Amino acid sequence: MIYLKEEHELIRQTVREFALKEVEPGELERDEKEEFPVDLIAKMRELGLLGIPFPEEYGGAGLDNLSYVIAVEELARISGSLALTLAAHVSLGTSPIYEFGTEEQRRKYVPRLASGEMLGSFGLTEPNAGSDAQGTQTAAVRDGDSWVINGQKIYVTNGGYAGSIIFTAVTQHEPRQISAFIVDAGTPGLVLGKKEVKLGCRSSDTRVLHFEDCRIPAENLVGGPSELGKGFKFFMKTLDGGRISIGAMALGIAQGAIDKAVPFVKERKQFGKPVGAFQGVSHRIADMETEVQAARHMIYHSAWLKDQHRPLEHHSAMAKLFASEVAMRATFSAIQVLGACGYMKEYHVERYMRDAKLCEIGEGTSEIQRLVISRQLLGRLD
Ligand code: COS
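It should be emphasised that the depicted structure is a prediction, and the values quoted were computed from it without experimental measurement.

Visitor: Quick question: what am I supposed to make of the overall build of the protein chain here?
Guide: Along its length, the protein chain carries 10 helices and nine strands. Scaling as 2.2 N^0.38, a compact globule of 382 residues should have a C-alpha radius of gyration of about 21 Å, and the protein chain matches this with 21 Å. Each principal axis of the C-alpha distribution contributes one length, and for the protein chain these read about 80 × 50 × 40 Å. Of the contacts formed within the protein chain by residues at least 6 apart in sequence, a portion of 73% connects residues at least 24 apart. Accessible surface, the protein chain as shown: approximately 16,700 Å² in total, 53% of it carbon and sulfur.

Visitor: Teacher, can you tell me more about the nonpolar core here?
Guide: Most often, soluble globular proteins keep nonpolar side chains buried together rather than apart. The biggest cluster of nonpolar side chains holds 89 residues, and the ones touching the most others in it are Met249 and Ile299. The dominant element in this core, judged by the number of residues it contributes, is helix α6 (residues 231–267), at 16 residues. Residues within four places of isoleucine 299 in sequence aside, it is in contact with Val69, Ile244, Gly247, Ala248, Leu251, Ala319 and Ala323. In terms of nonpolar packing, the next biggest core, distinct from the first, is built from 17 residues, Ala140, Ile165, Ala169 and Leu221 among them.

Visitor: Can you walk me through the pattern of salt bridges in this structure?
Guide: Pairing is possible between side chains that carry opposite charge, provided their charged atoms lie close to one another. On inspection of all chains with the given rule, the structure shows 33 salt bridges. We note a salt bridge from glutamate 291 to arginine 329, for which the minimum N-O separation is 2.9 Å. Separated by 38 residues along the polypeptide, glutamate 291 in helix α7 (residues 279–307) and arginine 329 in helix α8 (residues 313–338) bring together distant segments of the chain. Close ionic contact of glutamate 325 with arginine 370 constitutes a salt bridge, the shortest N to O distance being 3.1 Å. Of the two residues, glutamate 325 sits in helix α8 while arginine 370 sits in helix α10 (residues 366–378), which places them 45 residues apart along the sequence. Residue classification places arginine 370 among the partly exposed residues on the basis of a relative accessible area of 40%. Connected through shared salt-bridge partners, Glu9, Arg12, Glu73, Glu74, Arg77, Asp259 and Arg296 make up one network.

Visitor: For this particular structure, what's the right way to read the site of the ligand?
Guide: The ligand sits among 22 residues. The nearest are Ser131, Gln134, Lys233, Arg243 and Arg380. Separating a nitrogen atom of the ligand from a backbone N or O atom of serine 131 is a distance of 2.8 Å. Arginine 243 places a polar side-chain atom, nitrogen or oxygen, 2.8 Å from an oxygen atom of the ligand. In isolation the ligand has 1,000 Å² of accessible area, and contact with the protein removes 70% of it. Of all the elements in the fold, those that place two or more residues in the shell around the ligand are α6 and α10. At seven residues, α6 tops the list of elements feeding residues into the shell around the ligand.

Visitor: Even after reading the chapter, I still don't get the packing of aromatic side chains, so can you show me in this structure?
Guide: Each aromatic ring pair is characterised by the separation of its centres together with the angle its planes make. Overall, the coordinates contain 10 aromatic pairs when judged by the stated rule. Arranged with centres 6.3 Å apart and planes meeting at 85 degrees, the rings of phenylalanine 264 and tyrosine 347 form a pair that is edge-to-face. Taken together, the residues phenylalanine 264 in helix α6 and tyrosine 347 in the loop between α8 and α9 (349–359) connect sequence positions 83 residues apart. A relative accessible area of 14% places phenylalanine 264 in the buried class. For tyrosine 347, a relative accessible area of 31% puts it in the partly exposed group.

Visitor: Where do I start with the pairing of strand β2 (residues 139–143) in this structure?
Guide: A regular strand places its side chains on the two faces of the sheet in alternate fashion. Both β2 and strand β3 (residues 146–157) contribute to a ladder of five bridges, which runs antiparallel. In the strand pairing of β3, alanine 140 is matched with isoleucine 149. Taken together, β2 and the strand that follows it, β3, pair antiparallel across an intervening segment of two residues, in which glycine 144 is found at a positive phi of about 60 degrees.

Visitor: Would you explain the domain arrangement of the protein chain in this entry?
Guide: Accessible area lost upon the coming together of the parts serves often as the stated size of an interface. Per the domain assignment, the segments making up the protein chain are domain 1 (6–119), domain 2 (121–228) and domain 3 (233–378). A straight line from the C-alpha centre of domain 2 to that of domain 3 covers 31 Å. Contact with domain 2, which involves 15 residues of that partner, is made by 12 residues of domain 3. Per-residue buried area on domain 2 facing domain 3 is highest for Phe122, Leu199 and Cys201; these three make up 46% of the total on that side.

Visitor: What exactly am I supposed to notice about α10 here?
Guide: Three- or four-residue spacings in an α-helix give side chains the same orientation, since the helix completes a turn every 3.6 residues. Between its first and last C-alpha, α10 extends 18 Å over 13 residues, near the 18 Å set by a 1.5 Å rise per residue. Buried residues of α10: Ser366, Ile368, Gln369, Val372 and Ile373, and no others. Trailing α10 by a residue or two, glycine 379 shows a phi angle of about 75 degrees, which is positive.

About the thresholds
Residues numbered from 1 in each chain as written. Predicted model: local features only at pLDDT ≥ 70, side-chain atom pairs only at ≥ 80, totals over all residues. Heavy atoms only, no water. Helix = DSSP H or I, 4+ residues; strand = E, 2+ residues; numbered from the N terminus. Rg over C-alpha atoms; globule rule 2.2 N^0.38 Å. Contact = heavy atoms within 4.5 Å. Areas by Shrake-Rupley, 256 points an atom, 1.4 Å probe, with all protein chains shown as cover. Core = buried A, V, L, I, M, F, W, Y, C linked by side-chain atoms within 4.5 Å. Buried < 20%, exposed > 50% of the residue type's maximum accessible area, 1.4 Å probe, protein only. Salt bridge = Lys/Arg side-chain N within 4 Å of Asp/Glu carboxyl O. Near = heavy atom within 4 Å. Polar contact = N/O pair within 3.5 Å; in protein donor to acceptor, adjacent residues only side chain to side chain. Phe/Tyr/Trp six-rings, centres within 6.5 Å; stacked < 30°, edge-to-face > 60°. Pairing = 2+ DSSP bridges. Domains from an automatic or database assignment. Buried area = accessible area lost by both parts, 1.4 Å probe. Expected span 1.5 Å × (residues − 1).

This is the structure in structure tokens:
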């Protein structure tokens, strides 16, 4: 592929090897027990995977977004949960601090996040603010040298294991103003809520976070006083990048479905020949491969656009939309060509299908991606 250099192949090999040797063996059990893999995160830290796209002076690996996307893809080929954990940490928990934080905020948080000393997290969604992300009700009130936060964030990926959480809150009602803040884990008044039980990505951590008169220093306003009221835009721009990584996760899951389906249909014999010899099966495999390759081009192109600091918004929305729908079709097909085996947990593909569903919902549903894409073409008609 035109974008790929030696460094990209190297990161692919490193993560592939790690995923096959270290991640796959325990994945069924972790999925079953909903076990967050603290030990695997520690190994990813040793491999330098937790800060791939951040400069070395901020604790990162100093590589590009394409390298990061390939790492997410390769993890997702084996574990959607681990890919999601990485994507939430890098794209949502760390990137907005690096991109929109003051130099002090960058220096304080990014090296610890990018080096993997701690995980990062991001709080946007609330009980009454999902697709309508401007519906935020969490409030921040200035009191002396602090902001006092009240409200709650839900479906917070990595919430229970994060050292810092970047989140949005309303700082003024008329005219309405949403700002972004950082809260450190362990701050009094930040109360960890229940761990969610999910359809897929079951060994990733998803939490409710309550803010109960949670007092954070004034300097934790992201970007400093001049950026008061810019939180919604910061978060929208963050999601433009984050959606590439969810697309990469979908791509990896879809590739994983092919990886499982191809050897199976070559080996499994019925009516005296491999089931792959039947056109109903071989054409499904051909469609899976075609769609996965198309998705890969879209995801890598979006990562390249991000690396070039070019406009991204509808490209990343299209890439995520397409890749996540491809992942659903590919995992459905994998189950179908494996037949009864596909329905059994030990063959992994039913887990792949459950994990893939997240990609059509997280970081904006497919409906929201279509809204973003169509607004780019049509403008706002409502
Ligand atoms: N980059 C920069 N600015 C953006 C932006 C982007 N990607 N998207 C919107 N904005 C700006 C707009 O330009 C507008 O600015 P002005 O007020 O200066 O004109 C402002 O933000 C409000 O934008 P808009 O009116 O389009 O906001 P909407 O309320 O219509 O919401 C959607 C837009 C629906 C696209 C947004 O709420 C969204 O993405 N929702 C899904 C949220 C999501 O993905 N949640 C999952 C979280 S995963 S933890």
